[in-house]
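Tertiary structure, described
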Amino acid sequence: MAATVGAELNSTFFADVWQAVGSEVIIFVVTLVFAVGIRSLSNTKGAAASTKAGLKEVPATPKFVSGAAAKSVRSSGAPQHREECQTPSPSFAARSARTSPAHQASPRQLPVARRGTPADLLNEIVEGTKEQTSLKFAAKALQVYQDELLVSLKHGGLSIRDVARSSRHSPLELYSTLVNCAIRVGKHHLVEALLDDMVEQGVNRPLAFYESAMRQLASQKQYHLALTMYDMLDKDGLRPSAITCSCLIGFSAEVGELQRAVSFFESLSAMTTPSIRAYMTVLRVHAKRQDFEASIAIFRDMEKRGVAIDSLVLNVVLATCVAADQLTAVEQLVSEADVKSPPITDVVSFNTLLKACAQRGDTERAKSVLARMKARRLRPNAITFNTAMDAMVRGGRAEDAWGLVADMRAAGLNPDKFTCSILVKGLAKDPAARQVKAALTLLGETEGACDASLKSTLYHSILESAAQVKVASGDTSLAAAAFAQMRRFGVAPSPGAQRLVVQSLPGADLKDIQA
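This is a predicted model, so every value here is computed, not measured.

**Some details on the overall build of the protein**
- Scanning the protein for helices and strands turns up 27 helices and zero strands.
- Every one of the 515 residues in the protein was classed for burial, and the buried ones make up 42%.
- Once local pairs closer than 6 in sequence are excluded, the contacts in the protein between residues at least 24 apart make up 68%.
- With the model as given, the accessible surface of the protein reaches about 26600 Å², and the carbon-plus-sulfur share is 56%.

Here it is, written out as structure tokens:
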């Protein structure tokens, strides 16, 4: 009886359980069977697609792939694809050394495209870079291209142009974005690699693409690479615009390719009237080459084309002529510029002319230049007086040079270390007692402006001049005064100066001098 009751209770219990969950169990089993069927059908289609893809011709591996091209691929791909990806070309192998440490750590593994189709990756790079302008995302975009997009192309036997057909963006947009990212994050070495990829993928590179890249490179002072971009532009049969040609003049000048800068200027000049900036750049190039004839030719071309010439342009040309020791040319240009209305000469122009006179030791022309400045009511500066003094000293007119010191003071200017150097240099030829005394006074006034080396040089020169005066007149006071001032300002006499003092000052003890 008890057994019968137990059986009835168990039967009732299972009946209740089945009534409560039976429908859910049936639904679960049906769903599971359906899912297994779908999975089997998908695997069958994938195997057929893989077999078919294995017969396709795979395009050349883009050169941009770096150390990222060395990560493992899922085993679902065809075996021959895995082997091809693990043998990178030498060009990207060289560049892989510059990628992140994470990539360098596993050089024999290939990355796997993790997100969507190649078209999705292309869209992600272009659109993501527009939406997120940070350097971090720019670096990420380069990584997605290296680690995922190129690998997807390799596995699918596709080209960028194939992918772009199902993308919202063109191959040119992709590579323009990547070049911009490479420049922004400072990976400039990748720019050439990206252009190599464009060539291999058959992506057209219009003039605007090159010019945009050159501007970006120039903004980061990558002038050599900007010129390399021009070489590729030229190889593609394109011709730069006038604005780009003007920039190329500057790029060439920055990297010291002076003849190339001149060639770019000539090309620009044939297209249109160069900007004042282009003119100034090529004038500075000619200055570095000391090509005064070319500088004057540019100056005449500016006049012919009606380009506004100011004192800055004039002074660059004058300085080039002075460097080439062309006094006559300098004087002619200054005279022409001085009679223009209004005159374009300034104090710098006349100082440059004075420098040309000083190089020749032409004292009369130097005096004439000072007179012309006074007539023009141009206020001379310290450089004016120092250069004029130099002309007098070189021309053997030391007395006139000392006279200019008074004129300098009258103009409200104080002698400086350059004044001292010029005048002391003049003492060496024919020292006079009055000039030696004046030099000691002047050197005392400018002592604070002279460094230790210059002071030592000047005092030793004055001491030698004082010794010459002693020989000529028998006056030993100058040598004693020079030596005393040296000691007072902490200038240590050289062994030669010590012997000179002993010879010039009878009774002087060498031990006292050395002390």
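Having seen the structure, we can now continue with the description.
**Quick look at the side chain of Ser-159**
- Inspection of the secondary structure assignment puts Ser-159 in the loop between α6 (135-156) and α7 (160-164).
- Classification of Ser-159 by relative accessible area gives buried; the value is 13%.
- Ignoring anything within four residues of it in the chain, the contact list for Ser-159 reads Leu-153 and Gln-201.

**Side note on unusual backbone geometry**
- Here the bond from Ser-341 into Pro-342 is cis, since omega is 0°, no more than 30 degrees from zero.
- Checked against the element boundaries, Pro-342 lands in the loop between α17 (327-338) and α18 (347-360).
- Positive phi, normally seen in glycine, also occurs at Lys-221, with a value near 60°.
- The topology assignment puts Lys-221 in the loop between α10 (207-219) and α11 (223-235).
- What makes Lys-221 exposed here is its relative accessible area of 62%.
- Positive phi, close to 55°, is recorded for Gln-290, a residue that is not glycine.

**Quick notes on helix α23 (residues 433-445)**
- The first and last C-alpha atoms of α23 sit 19 Å apart over 13 residues, in line with the 18 Å expected at 1.5 Å per residue.
- For α23, every residue scored as buried is listed here: Gln-435, Val-436, Ala-439, Leu-440, Leu-442 and Leu-443. Around the axis of α23, the buried residues are gathered within 165° of arc, so they sit on the same side.

**With respect to the packing of aromatic side chains**
- In this structure the tally under the stated criterion is six aromatic pairs.
- Measuring from ring centre to ring centre gives 5.7 Å for Tyr-223 and Phe-251, while their planes differ by 35°; the resulting arrangement is tilted. Of this pair, Tyr-223 sits in helix α11 while Phe-251 sits in helix α12 (residues 242-254); the two residues are 28 residues apart in sequence, bridging distant segments of the chain. Phe-251 carries the same exposure label as Tyr-223, and that label is buried.

**Digging into the packing of α6 against helix α8 (residues 171-184)**
- At their nearest, the axes of α6 and α8 sit 9 Å apart, and the two run at 125° to each other. Comparing the axis directions of α6 and α8 gives the class oblique. Judged by the twist between their axes, the crossing of α6 over α8 is left-handed. Two secondary-structure elements touch here, α6 through Leu-135, Ala-138, Ala-141, Leu-142, Tyr-145 and Leu-149 and α8 through Leu-174, Tyr-175, Leu-178, Cys-181, Ala-182 and Arg-184.
- For the contact of α6 with α8, the per-class residue count stands at 11 nonpolar, no polar and one charged.

**Here we look at the nonpolar core**
- Within the largest apolar cluster, 129 residues are counted, with the highest numbers of intra-cluster contacts made by Tyr-145, Leu-174, Tyr-175, Met-389 and Ile-462.
- Ignoring any residue separated from it by four or fewer positions in sequence, one finds Tyr-175 in contact with Tyr-145, Ile-160, Leu-194, Asp-197, Met-198, Gln-201, Val-203 and Phe-209.

**Quick word on the pattern of salt bridges**
- Within the structure shown, the criterion is met by 22 salt bridges.
- For Glu-127, the salt bridge is made with Arg-168, and the minimal N-O distance between the two is 2.7 Å. Here Glu-127, found in helix α5 (residues 118-131), pairs with Arg-168, found in the loop between α7 and α8; they are 41 residues apart in sequence, far enough to count as distant.
- You can call Glu-127 partly exposed: its relative accessible area is 23%.
- Of the charged contacts in the structure, one is a salt bridge between Lys-340 and Glu-303, with a shortest N-O distance of 3.7 Å. Of the two residues, Lys-340 is situated in the loop between α17 and α18 and Glu-303 in helix α15 (residues 292-305); the sequence distance between them amounts to 37 residues.
- When its relative accessible area of 35% is taken as the criterion, Lys-340 is described as partly exposed.
- When salt bridges that share partners are traced, they join Arg-300, Glu-303, Glu-336 and Lys-340 into one network.

**Looking at α8**
- The end-to-end C-alpha separation of α8 is 20 Å, in line with the 20 Å expected for 14 residues at 1.5 Å each.
- Those residues of α8 not exposed but buried are Pro-171, Leu-174, Tyr-175, Thr-177, Leu-178, Val-179, Cys-181, Ala-182 and Ile-183.
- On its buried face, α8 is in contact with α5, α6, α7, α9 (189-201) and α10.
- Of the residues trailing α8, Gly-186 is marked for its positive phi of about 85°.

**Re the packing of helix α14 (residues 276-288) against helix α16 (residues 311-323)**
- Running from amino to carboxyl end, α14 crosses α16 at an angle of 15°, the nearest separation of the two axes being 9 Å. Taken together, the axis directions place α14 and α16 in an arrangement best described as roughly parallel. Remark: the crossing between α14 and α16 carries left-handed chirality. Here Ile-276, Met-280, Leu-283, Arg-284, His-286 and Ala-287 of α14 come into contact with α16, specifically with Leu-312, Val-313, Val-316, Val-317 and Thr-320.
- Here the residues of the contact of α14 with α16 sort into eight nonpolar, two polar and one charged.

Conventions we followed
Residues numbered from 1 in each chain as written. Predicted model: local features only at pLDDT ≥ 70, side-chain atom pairs only at ≥ 80, totals over all residues. Heavy atoms only, no water. Helix = DSSP H or I, 4+ residues; strand = E, 2+ residues; numbered from the N terminus. Buried < 20%, exposed > 50% of the residue type's maximum accessible area, 1.4 Å probe, protein only. Contact = heavy atoms within 4.5 Å. Areas by Shrake-Rupley, 256 points an atom, 1.4 Å probe, with all protein chains shown as cover. Expected span 1.5 Å × (residues − 1). Arc of directions from axis to C-beta. Phe/Tyr/Trp six-rings, centres within 6.5 Å; stacked < 30°, edge-to-face > 60°. Axes fitted to C-alpha atoms, helices over the stretch in contact; angles between N-to-C directions. Parallel < 35°, antiparallel > 145°, perpendicular 65-115°, else oblique. Left-handed = near helix turned anticlockwise from the far one by under 90°. Nonpolar A, V, L, I, M, F, W, Y, C, P; charged D, E, K, R; others polar. Core = buried A, V, L, I, M, F, W, Y, C linked by side-chain atoms within 4.5 Å. Salt bridge = Lys/Arg side-chain N within 4 Å of Asp/Glu carboxyl O.

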